[in-house]
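# Coordinate analysis (summary)
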Amino acid sequence: MSQVPLSHILFVSTALFFIGMYGLFTRRNMITMLMSVELILNSVNINFVAFNKYLYPDKLEGVFFTLFIVAIAAAEAAVAIAIIINLYRNLRSIDVEAADEMKF
Amino acid sequence: MMSASAVVFYILSFFILVTGVLAVTSRKIFRSAIWLLFSLTGIAGLYFWLQMEFIAAVQIVVYVGGIVVLIIFSIFLTQQSGKDLPAPVRSRAIFSVLAVCAGFLFTCMLVGQYTFGAAGRPAAPGNVAGGVSVGNAVGDIRVGNGTGDMSVGNIGRQLLSTSEHGYVLPFEVISILLLAAVSLLQ
């Protein structure tokens, strides 16, 4: 583990973050956008764990932030999928362009 | 000459990035979910490589066992089978690639310029000394006392500790958030 510098792990997590951003920009399907959000949250988790391991190996703060982010991501996915399925029942579509009823 | 550990890291990160790209570009939504599954499993492998076994286990249980299964369920409930996703608009795809590449290069430049301290730690001597003394003052709980103990027992004790550097309040707030999310689904 010590042969790999911290910046290489940060490069990987940065690349994963921007892959998620690309998915969020190009996809119009709500489920695939949710998958992009999961990729972004995971890149943040990699950052927290790598900083904790490399810079403060005697502390546990990064582990706790990662656990809380995982818990919030689980809650967010559950709520988002409930919303998506309700939207599909009403509109027969889960395209973000179709959900424009409340648009001014 | 790269050691075996470094080779494992580069193979793992290549796997994560390639499956991540396939997850956001695949035309079939079910394949996209399966590529996401592979990417999340690769991230769990990265946590194992960092010797964070507990986080890796949480990653597999919550993401691979929970969220991806939920996503696949919702795909089966909302998609017509065998229908491809529409290709993104060409102008939007070009703009997205340009914006993502610009952001990636900018962030990599910033990360590459930053030096993380000569001893792998940013220069903050007062802060470090304070942390150690607080860790010793906790006494029985043994929080941050320089042993580098990342065992599950230590994580659990600090997570539920009510003393300084304990995380019991965020823990309870998260449990109420999860309860509210579950009760919303009724």
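Everything that follows concerns the structure shown earlier in this document.
Residues numbered from 1 in each chain as written. Chains lettered and ligands numbered in written order. Predicted model: local features only at pLDDT ≥ 70, side-chain atom pairs only at ≥ 80, totals over all residues. Heavy atoms only, no water.

### Comments concerning the interface of chain A and chain B
Rule in force here: The contact rule is simple, with two residues in contact once any of their heavy atoms fall within 4.5 Å. Buried area adds together the accessible area that both of two parts lose upon being put together, with accessible area traced by a 1.4 Å probe. Salt bridges are identified by distance alone: a Lys or Arg side-chain nitrogen within 4 Å of an Asp or Glu carboxyl oxygen. In protein, a polar contact requires one atom able to donate a hydrogen and another able to accept it; more generally it is a pair of N or O atoms within 3.5 Å, and residues adjacent in sequence count only if both atoms are side-chain atoms. Here a helix means four or more residues in a row that DSSP labels H or I, a strand means two or more in a row labelled E, and each is numbered from the N terminus. Only Asp, Glu, Lys and Arg are considered charged in this grouping, and only Ala, Val, Leu, Ile, Met, Phe, Trp, Tyr, Cys and Pro are considered nonpolar; every other residue, Gly among them, is considered polar.
The interface is formed by 67 residues belonging to chain A together with 82 residues belonging to chain B. Between chain A and chain B the total buried area reaches about 6,700 Å² when both faces are included, carbon and sulfur atoms providing 77% of it. Notably, a salt bridge pairs R92 of chain B with E97 of chain A, separated by 3.9 Å at the nearest N-O pair. The interface formed by chain A and chain B includes 8 residue pairs in polar contact (both at pLDDT 80 or more). Looking at the side of chain A that touches chain B, the element that brings in the most residues is helix 3 (residues 61-91) of chain A, giving 20 residues. Taken together, the residues that form the side of chain A that touches chain B break down as 46 nonpolar, 13 polar and 8 charged.

### Re a nonpolar patch on the surface
Applied cut-off: Here a patch means residues that are over 30% exposed by relative accessible area and free of salt bridges, tied together within 9 Å if like-charged and within 5 Å if nonpolar (Val, Leu, Ile, Met, Phe, Trp, Tyr). What sets the accessible areas is the Shrake-Rupley method with a 1.4 Å probe; for residues, cover comes only from the shown protein chains.
There is a patch of nonpolar side chains on the surface, built from M2, V7 and I11 of chain B and spanning about 270 Å² of accessible area. Position of V7 of chain B among the secondary structure elements: in helix 1 (residues 4-25).

### Quick word on the pattern of salt bridges
Under the convention used in this document: Note on classification: 1.4 Å probe, protein chains only; a residue is buried when its accessible area is under 20% of the maximum for its type, exposed when over 50%, partly exposed between these limits.
Scanning all chains against the criterion turns up 3 salt bridges over all chains. Among the ionic pairs, R28 of chain A bridges to E97 of chain A, the shortest N-O distance being 3.7 Å. Within this pair, whereas R28 of chain A is found in the loop between helix 1 (6-26) and helix 2 (30-55), its partner E97 of chain A is found in the segment after helix 3, the two being separated by 69 residues in sequence. The class for E97 of chain A is partly exposed, based on a relative accessible area of 46%. One continuous salt-bridge network, built from bridges that share partners, spans R28 and E97 of chain A together with R92 of chain B.

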